[in-house]
Every structure is written in structure tokens, then in C-alpha cells.
Amino acid sequence: MRTSDFDYHLPPRAIAEPPARRDRSRMLVLDRTSGKMDHRMVRDLPEFLSSGDVLVVNDTKVFRARLHGTIDDRAVEILLVRPVQDSSPSPSHGEGEREGERRGSQWVVLGKPGKRFRVGATVVLGKLRGIVRAREEDGTLRIVFDRSVTQIIAYANRIGEIPTPPYIAGGVQKLSDYQTTYARHVGSVAAPTAGFHLTPQLLASLRTKGVHLARVTLHVGLGTF
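Predicted model, so just to flag it, every value in this text is computed and none were measured.

**Q** Can you break down the pairing of strand β6 (residues 74-83) residue by residue, with the values?
**A** Along a regular strand, successive side chains alternate from one face of the sheet to the other. When strand β5 (residues 66-71) meets β6, the two strands line up antiparallel, connected through 6 bridges. Among the inter-strand pairings, Gly 69 is bridged to a residue of β6, identified as Val 76.

See the structure below:
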């Protein structure tokens, strides 16, 4: 199977532009009894929910996961996909190795151009450094960095880019524009976009009506790309 098997033409006019107000996006309502469909707006959602209903939202939070750097002074780009839970030691040497084990972290990343990410290569991303430990069959890389997961995310949010899909012309510059209003837990490389439409005012209206809000944290990862 080839990725080209899934290619299709998407004319620019068919790409939805975000409205000035998030809750002004269109919403298709299906009456399960009659089968009738109605075109409404997300702001009308309270009309279709009742006291005691539960609305489930994903409170994952996006970070600036796309970083530019070098390998052997040649330009590369990486996308931080997720940290590995059982992180390997930091690429420190000598007496600093034990300290590196405490503060370093290993990540699954995408890198391009891929040929430059040979095993053992040192990746320099500003003040951040990592060593390529493995190249996986699915095309991802394992890179061990010299900082903790928390430090890497904080640094990425200072120097990185928001990894928006390529069909969004010009990308997104403000992280808050590519975030749900209830985002809490950092870890996503892309936003759960369906939640964009739920404004604080709309959620307050639902709570007033007796609708319960349940939160789950599902980080959006490599599959979205």
C-alpha cells in the first residue's frame, strides 16, 4: 500500500475558514426518529441537549512541536510526536552521565530530510541537543535529548512552530488560535478541532441547563498527519 493511494484533489474553496465567532460554525442535526436533517449553528446546541445529558470534551493541549535545527551544520526539521515513558539516559558523558539519566528524555519524532538522521547523529536545536538512537520501521525516530520532557516542551513553546496541517495557508501564529478554550494537559501535536466551536459562553449555557461536562485527555499524535 502506498500513501499516494489516498491522494485526492481538495480545491482551496472547499477548505473551511474559521468564522469570527467559534460558535458560528455550521452544525448538521439528524433527527434519529424521522431521519430529517437540519442545518443549524453550533451556538444552537443547547436546544438539542437536556438536563442530565453529558457532553464529553478532550482537554488535551497543543504545543509548538515543530523545530528547526542542524545535523553536522546542515538544516533539518523535526516534529516532536511524544515522549517515551521509559526514557533513556541523556546523551551526557563521563561524570555527567548519571545526572543526564535524571534530566534527559527520549522522544518519538519525525525528521526531515530523513537521510540525515542516521543513528548516532547529534541534532542541534538552538540550545537543545539530542542523539538519534533508533530509526523505526514506521518512519519515526527515537531521539534522546539532554533535557527533561517538561523542559523540552517549555523550550519548544519558545522557539518552535505550531504543526498545523499543510492545507492551512500561512499556518497559525498564535497558539491560542489553535487551542480549545478548555485545554489543560499539554501533549498534542495537533488540536482536537471539533472542540474549537465550544466557547466559554456556550459551555456556561449548557451548564445552566443542567448538562454535565466530562473531561478526557486524549493526546492527538502522529495519526493526524
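**Q** Describe in detail the environment of Gly 52, supporting the description with residues and values.
**A** Mapped onto the fold, Gly 52 is located in the loop between β2 (37-41) and β3 (54-58). In contact with Gly 52, not counting residues within four places along its chain, are Gly 210 and His 212.

**Q** Can you break down the nonpolar core residue by residue, with the values?
**A** In terms of nonpolar packing, the biggest core is built from 24 residues, with Phe 63, Leu 80, Trp 107, Phe 117, Val 123, Ile 143 and Phe 145 touching the most fellow members. Of all the secondary structure elements, the ones that give two or more residues to this core are β5, β6, β7 (105-112), β8 (122-125), β9 (128-135), β10 (141-145) and α2 (149-159). Setting aside anything within four residues of it in sequence, one finds Phe 117 in contact with Ile 71, Val 76, Glu 77, Ile 78, Gly 111, Lys 112, Val 123, Val 132, Arg 135, Leu 141 and Ile 143. Met 27, Val 57, Leu 198 and Leu 206 belong to the second-largest nonpolar core, a separate cluster that totals 13 residues.

**Q** Can you explain the confidence of the model for the protein chain? Please cite residues and give values.
**A** Across the protein chain, pLDDT averages 87, with 88% of residues at or above 70. The low-confidence segment residues 87-101 (pLDDT under 50) makes 24 contacts with residues lying over four places distant or belonging to another chain.

**Q** Hey, could you go over a nonpolar patch on the surface for me, with residue numbers and the actual values?
**A** A contiguous nonpolar patch, built from Val 54, Val 56, Val 216 and Leu 218 and spanning about 350 Å² of accessible area, is present on the exposed surface. As for its position among the elements, Leu 218 is in the segment after β12 (212-216).

**Q** Let's hear about unusual backbone geometry: which residues, and what values?
**A** In this chain, Lys 112 is followed by Pro 113 through a cis amide linkage whose omega measures -5°. Topologically, Pro 113 is positioned in the loop between β7 and β8. Even without a glycine there, the phi angle at Asp 72 is positive, about 55°. Relative to the helices and strands, Asp 72 is located in the loop between β5 and β6. Unusually for a residue other than glycine, Asp 73 sits at a positive phi of about 65°.

**Q** Before we move on, can you summarise the pattern of salt bridges with the specific residues and values?
**A** For the structure on display, the rule yields 9 salt bridges. In this structure, Arg 40 engages Asp 38 in a salt bridge whose closest nitrogen and oxygen atoms are separated by 3.6 Å. Overall, Arg 40 belongs to the partly exposed group, its relative accessible area being 22%. What emerges from the salt-bridge pattern is a single network uniting Asp 38, Arg 40, Asp 44 and Glu 47.

**Q** If you had to explain the environment of Arg 66 to someone new, which residues and values would you point to?
**A** Take Arg 66: it is sitting in strand β5. For Arg 66, a relative accessible area of 18% corresponds to the buried category. Linking Arg 66 and Thr 164, residues 98 residues apart in sequence, is a C-alpha distance of 9.3 Å. When residues no more than four places from it in sequence are discounted, the contact partners of Arg 66 are Glu 77, Ile 78, Leu 79, Gly 160, Glu 161, Ile 162, Pro 163 and Thr 164. Within polar-contact distance, the side chain of Arg 66 engages the side chain of Glu 77 at 3.0 Å.

Reading guide: rules and limits
- Position numbers for residues start from 1 in each chain and track the written sequence from start to end.
- For this predicted model, a pLDDT threshold of at least 70 governs which residues receive local features, and a threshold of 80 or more governs which side-chain atom pairs are given and counted, while totals over whole chains, interfaces and linings are taken from all residues.
- With hydrogens and water set aside, each side-chain value is computed from the structure's full complement of heavy atoms.
- We treat two strands as partners when DSSP finds at least two bridges between them.
- Helix numbering and strand numbering both begin at the N terminus, where a helix is a DSSP run of H or I of at least 4 residues and a strand a DSSP run of E of at least 2.
- We call two residues in contact when some of their heavy atoms are within 4.5 Å.
- Nonpolar core, defined: a set of buried Ala, Val, Leu, Ile, Met, Phe, Trp, Tyr and Cys residues in which side-chain atoms within 4.5 Å join the residues together.
- Think of it in three bands: with a 1.4 Å probe and only protein chains considered, a residue is buried below 20% of the maximum accessible area for its type, exposed above 50%, and partly exposed in between.
- Confidence of the prediction at every residue is given by pLDDT, a number between 0 and 100.
- Only residues above 30% relative accessible area that lack a salt bridge enter a patch, with like-charged residues linked at up to 9 Å and the nonpolar side chains Val, Leu, Ile, Met, Phe, Trp and Tyr linked at up to 5 Å.
- Each accessible area is a Shrake-Rupley estimate made with a 1.4 Å probe; only the visible protein chains count as cover when residues are assessed.
- A pair is scored as a salt bridge if a Lys or Arg side-chain nitrogen falls within 4 Å of a carboxyl oxygen belonging to Asp or Glu.
- Whenever a nitrogen or oxygen atom comes within 3.5 Å of another N or O atom, the pair is scored as a polar contact, on the condition that within protein one atom can donate a hydrogen and the other can accept it, and that pairs from neighbouring residues in sequence are kept only if both atoms are in side chains.

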